[in-house]
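Okay, here's what each chain looks like letter by letter:
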Amino acid sequence: MRKKDRTYNILFISISIIGITLLHYLTVASKWGIHDFYRRLYYIPMIVSAFKFRLRGGLLASLIISILYAPHLLLYFGEMNIEVLNQFLEIVIFIIIGTGTGFLVESDFKKKKRLEIQIKKLTNLENYTQNILDSITNGFIAVDRNLMIKSMNKEGQKLFQLDGGLEGRNLSTLFVEYDHVEKILKDVLKYNKKVLNMEIKCISKDEKDVYVKLFAYPLLSITDKIEGIVLVLEDVSEIRKLESQVRTAEKLSAVGELASGVAHEIRNPLGIIKTISQTIYEDTEDEELKEGLEIIIHEIDRANSVIQSLLNFAKPNIHEGKFQSIDGLIQDILLITKKYAQQNHIEMNYELQEDVKLFVDSEALKQAFVNIIFNAVQAMPDRGDLHVRLLKEKNWVKVSFEDSGIGISQEKIEKIFEPFYTTKDTGTGLGLSITHRIIEEHKGYMEVDSAIGKGTRIDVYLPILKEGEQDD
Ligand SMILES: Nc1ncnc2c1ncn2[C@@H]1O[C@H](COP(=O)(O)OP(=O)(O)OP(=O)(O)O)[C@@H](O)[C@H]1O
Ligand SMILES: [Mg+2]
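Residues numbered from 1 in each chain as written. Chains lettered and ligands numbered in written order. Predicted model: local features only at pLDDT ≥ 70, side-chain atom pairs only at ≥ 80, totals over all residues.

Regarding its fold elements, the protein presents twelve helices and twelve strands. Taking 2.2 N^0.38 as the reference for a compact globule, 472 residues should give roughly 23 Å; the C-alpha atoms of the protein span a radius of gyration of 46 Å, well beyond that estimate. Relative to its full complement of 472 residues, the protein shows a buried share of 23%. When contacts within the protein are restricted to residue pairs at least 6 apart in sequence, long-range pairs at least 24 apart make up 63% of them. (Helix = DSSP H or I, 4+ residues; strand = E, 2+ residues; numbered from the N terminus. Rg over C-alpha atoms; globule rule 2.2 N^0.38 Å. Buried ≥ 20, exposed ≤ 12 C-beta atoms within 10 Å, placed from the backbone. Contact = placed C-beta atoms within 7 Å.)

What follows is the structure in structure tokens.
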């Protein structure tokens, strides 16, 4: 009860008791009908007091009333008779009613208090459990027997890029091959078994591949009946991506070693053939032979240039590093490639958000970026746009190349960094593998985002290393 209410209540009760008592004392004793009426009025402050102040209130009010009322009896009657006894009995009833009502109100109040405490405890427990679930770094989903979502923690919402939980919705909105998942979960319900470590693909809002490891446990009630399933999801997309990057890097280095060995072995005999051909060419007068030798020398040069690009691919690219503005480097590249883009009716534009100086081998990095630009131009046979952007993202410099070309299908994206993978008649398929190697040698990485018919974006990330880190 608020302090103000309490004061009002006390005032009301006191004034009522005093008022009724005064009425008794000021009314002549002979008017018993009126006294009876006044006496009954006492019940009002007494019951109000019991309701407002419980046992304490009821008891106190009835005692005060009795104390105030008793002298009035003796004063007016002057002697003891049956009527006076009756009136005294009334006083006892006052006390019993005041105390009884107070007692009932008191016990009701205590019950309510206990219930409130229990509700508070339950709410605290629920909050506590939810906090624990939310602080877990794995996704957590509880479903009922119909595979309807009952609850989901924050990490689960993050995994599926949801703004809130999906309580009351079916699980089918979350997984790519839902039929398969559904069958396995039904088995969990049917045979009370667990599912551990199952890798599955999830539906994600931004169409990126999200892979999770799924653990499913039957959710048992107090009576050991299966009420639903608890799903624990561990995001393994990053691990998957890293694995594929490591695989590509391994492949590249194996092919690189092989290529440099083979190239070396072929270059020597080719050199000998070329020298002998040139000598014969200079010595002979036979026009037909000369023509044939010209073709041989031309083809040897062509073979040599392929071998050179193989060797370029295989050798480590960073020769000398220096601090260089990445903006300056991009400006240089745009100048070199401008003519090529113009010939192919490509509009190139460059957006600089923030320039950073990095310790790089500028020649190698230029080669890496030029390969990406050439591919972009080649992907836009009937004109198009190429946007180049330079920005800083935390500790990384990001150079983005976005074209409006033919795009690359999802299955092919995995392959484009493989050496000799090409879809072009005259391509060697080494361009992007060389780029990949150069970026790796700068401790960076690349990401590709592409949609068929819409275009491709290649993001190159280069680390902003602190002094002393670049030689690691
Ligand atoms: N921007 C792009 N748009 C569409 N496809 C691309 C793009 N970049 C690369 N590709 C695909 O990736 C393949 C491999 O590219 P890569 O640069 O390694 O070799 P290439 O361009 O075919 O040959 P080379 O670079 O030796 O001339 C290309 O053949 C093409 O199919
Ligand atoms: Mg290329």
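Attention shifts here to the pairing of strand β8 (residues 357-360). As a general feature of sheets, a regular strand has side chains that alternate between the two faces. Taking every second residue as pointing to the same face, the buried face of β8 carries L358 and V360, while none of K357 and F359 on the other face is buried. For strand β6 (residues 322-325) and β8, the ladder comprises four bridges, and the chain directions are antiparallel. Each residue of the ladder has a partner; that of Q324, found in β8, is L358. (Pairing = 2+ DSSP bridges.)

Turn by turn, an α-helix covers 3.6 residues, leaving residues three or four places apart pointing in a common direction. Its 14 residues place the ends of helix α6 (residues 178-191) 20 Å apart at the C-alpha level, agreeing with the 20 Å of an ideal helix rising 1.5 Å per residue. Check the buried side of α6 and you find it contacts β3 (195-202), β4 (210-220) and β5 (226-235). Phi for N192, located one or two positions after α6, is positive at around 50°. (Expected span 1.5 Å × (residues − 1).)

In this section: the site of ligand 1. Contacts to ligand 1 come from 21 residues, most closely from N375, A379, T422, G427 and G431. Residues that form the shell around ligand 1 fall into these classes: eight nonpolar, eleven polar and two charged. (Near = placed C-beta within 6 Å. Nonpolar A, V, L, I, M, F, W, Y, C, P; charged D, E, K, R; others polar.)

All right, on to the sheet that holds strand β7 (residues 346-352) then. Read across the sheet, five strands follow the order β7-β9-β10-β12-β11 without closing on themselves; strand pairing throughout is mixed. Every interior strand has two partners, whereas the edge strands, β7 and β11 (445-451), have only one. Here the average twist between neighbouring strands, direction ignored, is 15°. Taken together, the seven bridges between β11 and strand β12 (residues 455-463) define a ladder with antiparallel strand orientation. Across the sheet, residue S450 finds its bridge partner in β12, namely T456. Most of the contacts of helix α9 (residues 326-343) go to β7, to which it runs at about 175°, and overall it touches β7, β9 (384-393) and β10 (396-403). (Axes fitted to C-alpha atoms, helices over the stretch in contact; angles between N-to-C directions.)

Pairing of β10 with β12, which is carried by eight bridges, proceeds in the antiparallel orientation. In the sheet register, S400 faces β12, and the bridge partner there is D459. In this structure, the hairpin formed by β11 and β12 is closed by a connection of three residues, where G453 is found at a positive phi of approximately 80°.

Turning our eyes to something else, we now look at the packing of helix α10 (residues 362-378) against helix α12 (residues 431-441). Contact pair α10 / α12: the axes reach a minimum separation of 9 Å and the direction vectors enclose 145°. Viewed along their axes, α10 and α12 form a crossing whose handedness is left-handed. Contact residues: A364, L365, Q367, A368, N371, I372, F374 and N375 in α10; G431, L432, I434, T435, I438 and I439 in α12. Split by residue class, the contact of α10 with α12 holds nine nonpolar, five polar and no charged. (Left-handed = near helix turned anticlockwise from the far one by under 90°.)

Examined against the element boundaries, C202 turns out to sit in strand β3. Put simply, C202 and E177 are 25 residues apart on the chain and 8.2 Å apart in space, counted from C-alpha to C-alpha. When near neighbours in sequence (up to four residues on either side) are disregarded, C202 contacts L159, F160, L174, F175, V176, V210 and V212.

Even without being a glycine, N192 presents a positive backbone phi close to 50°. By the element assignment, N192 lies in the loop between α6 and β3. Of the residues examined, N192 has 13 C-beta atoms within 10 Å and is grouped as partly exposed.

Attention now moves to the packing of α9 against α10. Axis separation between α9 and α10 bottoms out at 10 Å; the angle between their running directions is 35°. In this structure, α9 meets α10 at a crossing whose hand is right-handed. Listed contacts from α10 to L329, D332, I333, I336, T337, Y340 and A341 of α9 are S362, L365, K366, F369, V370, I373 and V377. Residue composition of the contact of α9 with α10, by class: ten nonpolar, two polar and two charged.

For the rest of this paragraph, the subject is the domain arrangement of the protein. Domain annotation for the protein reports domain 1 (3-130), domain 2 (137-235), domain 3 (240-314) and domain 4 (322-463). Computed over C-alpha atoms, the centres of domain 2 and domain 4 are 40 Å apart. (Domains from an automatic or database assignment.)

In any sheet, the strands associate via hydrogen bonds between backbone groups, in a parallel or an antiparallel arrangement. Pairing is antiparallel in the open sheet, where five strands are placed in the order β2-β1-β5-β4-β3. Edge positions in the sheet fall to β2 (149-152) and β3, since each of these pairs with one other strand and no more. Mean inter-strand twist for the sheet, computed between neighbouring axes without regard to direction, equals 30°. Of the strands in this sheet, β3, β4 and β5 touch α6, which is tilted by about 135° from β5.

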